[in-house]
Number of protein chains: 2
Amino acid sequence: MCPTCDASQQGVPNGTPAIPTSQNPPAINGTSSASNGLTNGSGSGHAQEHTPHNPRRQPFASVGDYLSNVSNFSIIESTLREGEQFANAFFDTDTKVRIAKALDAFGVEYIELTNPTSSEQSRKDCEIICKLGLKAKILTHVRCHMDDAKLAVETGVDGLDLVIGTSPQLMQHSHGKTMDYIRETALEVISFVKSKGLEVRFSSEDSFRSDLVDLLNIYSAVDRIGGVNRVGIADTIGVANPRQVYDLVRTLRGCVHCDIETHMHNDTGCAIANSLCALEAGATHVDTSVLGIGERNGITPLGGFVARMLTLDRDYVRSKYDLAKLKPLEDLVASAVEINIPFNNPVTGFCAFTHKAGIHAKAILANPTTYEIINPADFGMTRYVHFASRLTGWNAIKSRVEQLGLVMTDSQIKQCTAKIKAMADVRHLAIEDIDKKHQFQVKEQEMAAEPEARELDHVVEEQTKVLNGVVGEVDGREEKVEALNGEGVVVNGTA
Amino acid sequence: MCPTCDASQQGVPNGTPAIPTSQNPPAINGTSSASNGLTNGSGSGHAQEHTPHNPRRQPFASVGDYLSNVSNFSIIESTLREGEQFANAFFDTDTKVRIAKALDAFGVEYIELTNPTSSEQSRKDCEIICKLGLKAKILTHVRCHMDDAKLAVETGVDGLDLVIGTSPQLMQHSHGKTMDYIRETALEVISFVKSKGLEVRFSSEDSFRSDLVDLLNIYSAVDRIGGVNRVGIADTIGVANPRQVYDLVRTLRGCVHCDIETHMHNDTGCAIANSLCALEAGATHVDTSVLGIGERNGITPLGGFVARMLTLDRDYVRSKYDLAKLKPLEDLVASAVEINIPFNNPVTGFCAFTHKAGIHAKAILANPTTYEIINPADFGMTRYVHFASRLTGWNAIKSRVEQLGLVMTDSQIKQCTAKIKAMADVRHLAIEDIDKKHQFQVKEQEMAAEPEARELDHVVEEQTKVLNGVVGEVDGREEKVEALNGEGVVVNGTA
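Small disclaimer: the values here were computed from a predicted structure and weren't measured.

Conventions we followed
- Note on numbering: residues in each chain are counted from 1, in written sequence order.
- Throughout, the order in which chains and ligands are written sets their labels, letters from A for the former and numbers from 1 for the latter.
- In keeping with the predicted nature of the model, local features appear solely for residues at pLDDT of at least 70, side-chain atom pairs appear and are counted solely at 80 or more, and the whole-chain, interface and lining totals rest on all residues.
- Only hydrogens and water are set aside when side-chain values are computed; all heavy atoms of the structure are taken into account.
- The way it works is that DSSP assigns letters per residue, a run of H or I at least four long becomes a helix, a run of E at least two long becomes a strand, and they are numbered from the N terminus.
- Only protein chains enter the accessibility calculation, which uses a 1.4 Å probe; a residue whose area is less than 20% of its type maximum is buried, one above 50% is exposed, and one in between is partly exposed.
- Throughout, a residue-residue contact means that at least one pair of heavy atoms, one from each residue, lies within 4.5 Å.
- Axis definition: a line fitted to C-alpha atoms, limited for helices to the stretch in contact. Angles are taken between N-to-C directions and run from 0 to 180 degrees.
- Put simply, angles under 35 degrees are roughly parallel, angles over 145 are roughly antiparallel, angles from 65 to 115 are roughly perpendicular, and the rest are oblique.
- For a crossing to be left-handed, the near helix must be turned anticlockwise from the far one by less than a right angle; the clockwise case is right-handed.
- Residues are sorted three ways: Asp, Glu, Lys and Arg are charged, Ala, Val, Leu, Ile, Met, Phe, Trp, Tyr, Cys and Pro are nonpolar, and all the rest, Gly among them, are polar.
- Salt bridges are counted wherever a side-chain nitrogen of Lys or Arg sits within 4 Å of a carboxyl oxygen of Asp or Glu.
- Domain start and stop positions are those given by an automatic or database domain assignment.
- Computed with a 1.4 Å rolling probe, the buried area is the accessible surface lost when two parts are put together, summed over both parts.
- Side-chain atoms alone can form a polar contact between residues adjacent in sequence; in general such a contact is a pair of N or O atoms within 3.5 Å, and within protein one must be able to donate a hydrogen while the other accepts it.
- Side-chain rings of Phe, Tyr and Trp, where Trp is taken by its six-membered ring, are said to pair if the distance between their centres is within 6.5 Å; with planes under 30 degrees apart they count as stacked, over 60 as edge-to-face, and otherwise as tilted.
- UniProt positions are given in the numbering used here, feature names are shortened, and annotations may be inferred rather than shown by experiment.
- What makes two strands pair is DSSP finding at least two bridges between them.
- pLDDT expresses, on a scale from 0 to 100, how confident the predictor is about each individual residue.

Engineer: Before we go on, may I ask you to explain the side chain of Asp378 of chain B in this structure?
Structural biologist: All names here are of chain B. Here Asp378 lies in the loop between α14 (358-366) and β10 (384-385). The exposure class assigned to Asp378 is buried, which follows from its relative accessible area of 10%. For Asp378, the residues in contact, after removing those within four places along its chain, are Leu310, Arg314, Arg318, Leu323 and Ala324.

Listed below in structure tokens is the structure:
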């Protein structure tokens, strides 16, 4: 058997038996652990070569692990709860309904709504969304308190996400309760919610600053005595880092039988990584919001998280979610909360699939997997090779020449590239500038015998000299550039 | 000794001796490993309580580790190299100089510049920046090729960062060389650069898809035979995840004596987390760019990375970097490449320190460490408590009342809060709306005996009823709301 393609050969039992959960029965877990990095990404231009009996030893490849749920997780989408806590968010009923439907069409497993006790309209909206008949289960997120629970169970939701602060900071400055009080209340509320036949999750708040023994005590109690469906770990303040998340979830996985949900804030940009590490350690559910909107600078963004998981098990992610619907969904939410999509947003940021340096452009044109871990077509997006800069290589120019249907020799293209680079040293180049450069050069071929051709060429030369006094020097270096190309190295650019 | 405050008690040797490096001698390493999560954050309103002989067992606390360089790292700032590969970047000489000076003032240890062979102006700019007399060392990033190296060493830089692709994808589609050729060339170029008395780094490209044995072979050769200052690991395509990074750096740490640099792309949002895990595993240098600009959606952002490290060792980070200069630096670069600061940017995003839900606002007003892991004042920023939404709690309103210098009883503030929440169900509230509400209520007190007061109150009541038919119901629930408050639970809001 090939060690990089057969998950059953890779399981690394590490002392603790895999614990069956409602979402994650052992039989499925054995299969779902076959998360082998890119080797799953088969069936497209981004498929990796697979040589079963001479596997390359790739440090990037995840080791299959009985605990890992990288290929077996659910998304609890909280744009309509955590997202409503975003500074700019004000969702009217119509907007909430449109967002809920778009999330459902994308394929998220759960949609979480604002506490119906927050305001009368929140309660009504909760009822309205429950009646939409969506495939996704509807949850509402309430304080672990009977008053909240009693109101929430009447709205028609499928389940309640209970939360209470457990860190010393929150116990002192937020609710003022002891762990004994929390335990007692939690068991009472859980019992009530279950008596109504609804799903129930119990989560601590600020889990990563809570006392570990307190945490394990309360989770163990709500699991064994309370019989909750899920326990939740929340990095409410965005302090957790990936290896801490792995360790805490791994420890918890050994203490409870129920599913494990994680809620990661993004204050220092680690929310996606933390969510991944939680799944690797055996968590089953991940909270997200569209574009990550939420309190402060928010939580795990849906798009970035899905992109991350796609790199680990492309087939699984594509089977669950309609990825082409991500961009319209993000546009809908961005418009509702009046923000721009960040320039660097995974997948949908304007430059996510733009390639600029010569060395990148050449390789991308030869094979997109060289510099793209995600196929933009999976999300209905396209790539763009930037060729109007001083980092441009001649391969990018060649691709543009072909795109324009022009006929030029490699030698001509290289001459053209040197001039474009010289011009780009002086000013920002528009695509039109570059195309003109090609066309002048083609004109030269077509009308070689005509005096106008030489005149045209002369115009280009003069224009270039005016723009940049160094053209001569650049031309003088062209031989060296050619020699480098002869050795198969790209003209220029960094990586 | 207290296990949470004495690093020497926490070292967890794991089979491999800590390896001394030029940047990281053993004596320093023993001290610098005292990265104990928040417990280092002393000396401000964000200091944590420290009870040495009754430590709370916090799962979030990093275990001190001989390998960890969380408190002993250098930044190689690549805005003027990787950043120039950003789709929108076109830096003229003046802009480069201003960015270089701003980076130096912030305190980064290294500034990396574009390959001087990229264009004639790139070469001249390299020389100009080297002559600025900055505290930061100046590096340039070039292909591992004698032609590049010969030109680069003449520019006056302090060192060269050599790079060559080592993944099968890049060996096939980019440069077409074998590992033997790479090794031979690397040793030749390294020897040349060292003969000029310059610092030299050798990095693979696309390290996480390279063959592990190939990687260790080439790194070992350039370390032992070549005598490089640093080897570099690059996640060129943004595929690596945190535990893989830890494992690879940890393995490499056992194979080379030199420093280890890491370069992490952000395609799926894991660059900051990956950089941190690299330091935890013994890396010494981290590549960043301002706002993370670079190829595609870029690399580890300087601000987010510094924020992450600040949560782990506040004193160390504040001693190295002038954090108040981060925002002007980001503004300078954002303006130069014509982008907006992302709404969710760590630290400087517009909502990074905005608190909205009632439960958050109450606790933040009592003690900011409840929901802030970073003190905004460290970066010269301020927090903002949002109080004009249906998630508003009465504590936020109380804070605004005090800010306005009004005198109201708690009971009045709670009445006022209920009305604000009812209004917010119907439309977006401006701050002016809220302030008017307070002022009406204060007016009522001041003119209790006067008929105008009742009239004013009546106007407010009528306005509210028109805006929202449910005011009666909200008022009807006020007793319950009061009762909840009596128990020390915030009126509403989620966390």
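Engineer: Mind showing me how you'd approach the packing of helix α8 (residues 212-224) of chain B against helix α9 (residues 242-253) of chain B here?
Structural biologist: Each pair of packed helices can be described by the angle between their axes along with the distance between the axes. Residue and element names in this part refer to chain B. At their nearest, the axes of α8 and α9 sit 11 Å apart, and the two run at 40° to each other. When the interaxial angle is binned, α8 and α9 end up oblique. Here the hand of the crossing between α8 and α9 comes out right-handed. Each of Leu212, Leu215, Leu216 and Tyr219 in α8 lies in contact with α9, whose residues at this interface are Leu248, Thr251 and Leu252. A per-class count over the contact of α8 with α9 returns 6 nonpolar, 1 polar and no charged.

Engineer: Hey, could you run me through the pattern of salt bridges in this one?
Structural biologist: If the charged atoms of two oppositely charged side chains come close together, the side chains can form a pair. In this structure the tally under the stated criterion is 48 salt bridges over all chains. As a salt-bridge pair, Asp161 of chain A and Arg201 of chain A come within 3.9 Å of each other at their nearest N and O atoms. You can see Asp161 of chain A sitting in strand β4 (residues 159-165) and its partner Arg201 of chain A sitting in strand β5 (residues 199-205), a full 40 residues away along the chain. A relative accessible area of 0% places Asp161 of chain A in the buried class. When its relative accessible area of 2% is taken as the criterion, Arg201 of chain A is described as buried. In this structure, Lys137 of chain B engages Glu199 of chain B in a salt bridge whose closest nitrogen and oxygen atoms are separated by 2.8 Å.

Engineer: Teacher, can you tell me more about the domain arrangement of chain A here?
Structural biologist: Note on interface size: it is often stated as the accessible area lost on association of the parts. Residues and elements named next belong to chain A. Looking at the assigned domains, one finds that chain A contains domain 1 (74-336) and domain 2 (354-491). At the junction of the two partners, domain 1 supplies 10 residues and domain 2 supplies 5 residues. The junction of domain 1 with domain 2 conceals about 680 Å² of combined surface from both sides, 72% of it contributed by carbon and sulfur atoms. Our count for the contact surface shared by domain 1 and domain 2 stands at 2 salt bridges. Scanning the region where domain 1 abuts domain 2 turns up 2 residue pairs in polar contact (both at pLDDT 80 or more). Mapped by element, the contributors of at least two residues to the side of domain 1 that touches domain 2 are α11 (302-310), α12 (314-320) and α13 (326-336). The greatest single-element share of the side of domain 1 that touches domain 2, amounting to 3 residues, is contributed by α11. Grouping the constituent residues of the side of domain 1 that touches domain 2 by class yields 6 nonpolar, 1 polar and 3 charged.

Engineer: Sorry, what's going on with the packing of aromatic side chains here?
Structural biologist: Two numbers describe a pair of aromatic rings. These are the distance of the centres and the angle of the planes. Under the criterion given, the structure shown has 11 aromatic pairs over all chains. Centroid distance Phe350 of chain A to Phe86 of chain B: 5.9 Å. Interplanar angle 75°. Geometry classified as edge-to-face. Here Phe350 of chain A is found in the loop between α13 and β9 (354-355), whereas its partner Phe86 of chain B is found in the loop between β1 (74-77) and α3 (93-106) on a different chain. With centroids separated by 5.5 Å and ring planes inclined at 75°, the aromatic side chains of Phe73 of chain B and Phe305 of chain B adopt a geometry described as edge-to-face.

Engineer: Would you take a moment to explain the UniProt feature "domain: Pyruvate carboxyltransferase" (unreviewed entry) in chain A for this structure?
Structural biologist: According to UniProt, the feature "domain: Pyruvate carboxyltransferase" (unreviewed entry) maps to residues 73-327 of chain A in the numbering used here. With 44% helix and 18% strand, residues 73-327 of chain A has its two end C-alpha atoms placed 22 Å apart.

Engineer: Please explain the sheet that holds strand β4 (residues 159-165) of chain B as it appears in this structure.
Structural biologist: Remark on secondary structure: sheet strands pair via backbone hydrogen bonds, oriented parallel or antiparallel. Residue and element names in this part refer to chain B. Strand order in the closed barrel formed by 8 strands is β1-β2-β3-β4-β5-β6-β7-β8, and the pairing between neighbours is parallel. Adjacent strand axes in the sheet meet at a mean angle of 25°, parallel and antiparallel pairs treated alike. Across 7 bridges, β4 lies against strand β5 (residues 199-205) in parallel orientation. By the bridge assignment for β5, Asp161 is matched with Arg201. Sheet strands touched by α8: β5 and β6 (230-235). Its angle to β5, the strand with the most contacts, is close to 170°.

Engineer: Just checking my understanding: could you explain the pairing of β4 of chain B for this structure?
Structural biologist: Walk down a regular strand and you will see the side chains alternate between the two sheet faces. All names here are of chain B. The buried fraction of β4 is high, at 7 of 7 residues. The alternating pattern of β4 places Gly159, Asp161, Val163 and Gly165 on one face and Leu160, Leu162 and Ile164 on the opposite face, and all of these are buried. Across 5 bridges, the pairing between strand β3 (residues 137-143) and β4 is parallel. Residue pairing across strands places His141 opposite Asp161, the latter belonging to β4.

Engineer: Honestly, the sheet that holds strand β6 (residues 230-235) of chain A in this entry has me stumped. Any pointers?
Structural biologist: Residues and elements named next belong to chain A. Spatially, the 8 strands close up into a barrel ordered β1-β2-β3-β4-β5-β6-β7-β8, and their pairing is parallel. Strand-to-strand twist in this sheet, taken as the mean axis angle between neighbours without regard to direction, amounts to 25°. The strands that helix α8 (residues 212-224) touches are β5 and β6; relative to β5, the one it contacts most, it runs at about 175°.

Engineer: Would you mind going over unusual backbone geometry with me for this structure?
Structural biologist: Only a minority of non-glycine residues have a phi that is not negative, and only a minority of peptide bonds are not trans. Residues and elements named next belong to chain A. A positive phi angle is found at Leu291, which is not glycine, with a value near 60°. Among the secondary structure elements, Leu291 is positioned in the loop between β8 (285-288) and α11. Judged by relative accessible area, which is 2%, Leu291 ranks as buried.

Engineer: Would you take a moment to explain the environment of Phe202 of chain B for this structure?
Structural biologist: In this structure, Phe202 of chain B sits in strand β5. Residues Phe202 of chain B and His141 of chain B, 61 residues apart in the sequence, show an inter-C-alpha distance of 10 Å.

Engineer: Even after reading the chapter, I still don't get the confidence of the model for chain A, so can you show me in this structure?
Structural biologist: Predicted coordinates in regions of low pLDDT should not be interpreted in detail. Residues and elements named next belong to chain A. Looking at chain A, the pLDDT average stands at 77 and 70% of residues meet or exceed 70. Confidence drops under pLDDT 50 across residues 1-57; counting only partners more than four residues distant or on other chains, this segment forms 119 contacts. Segment residues 446-495 is flagged for pLDDT under 50; beyond a separation of four residues in sequence, or across chains, it makes 93 contacts in the model.

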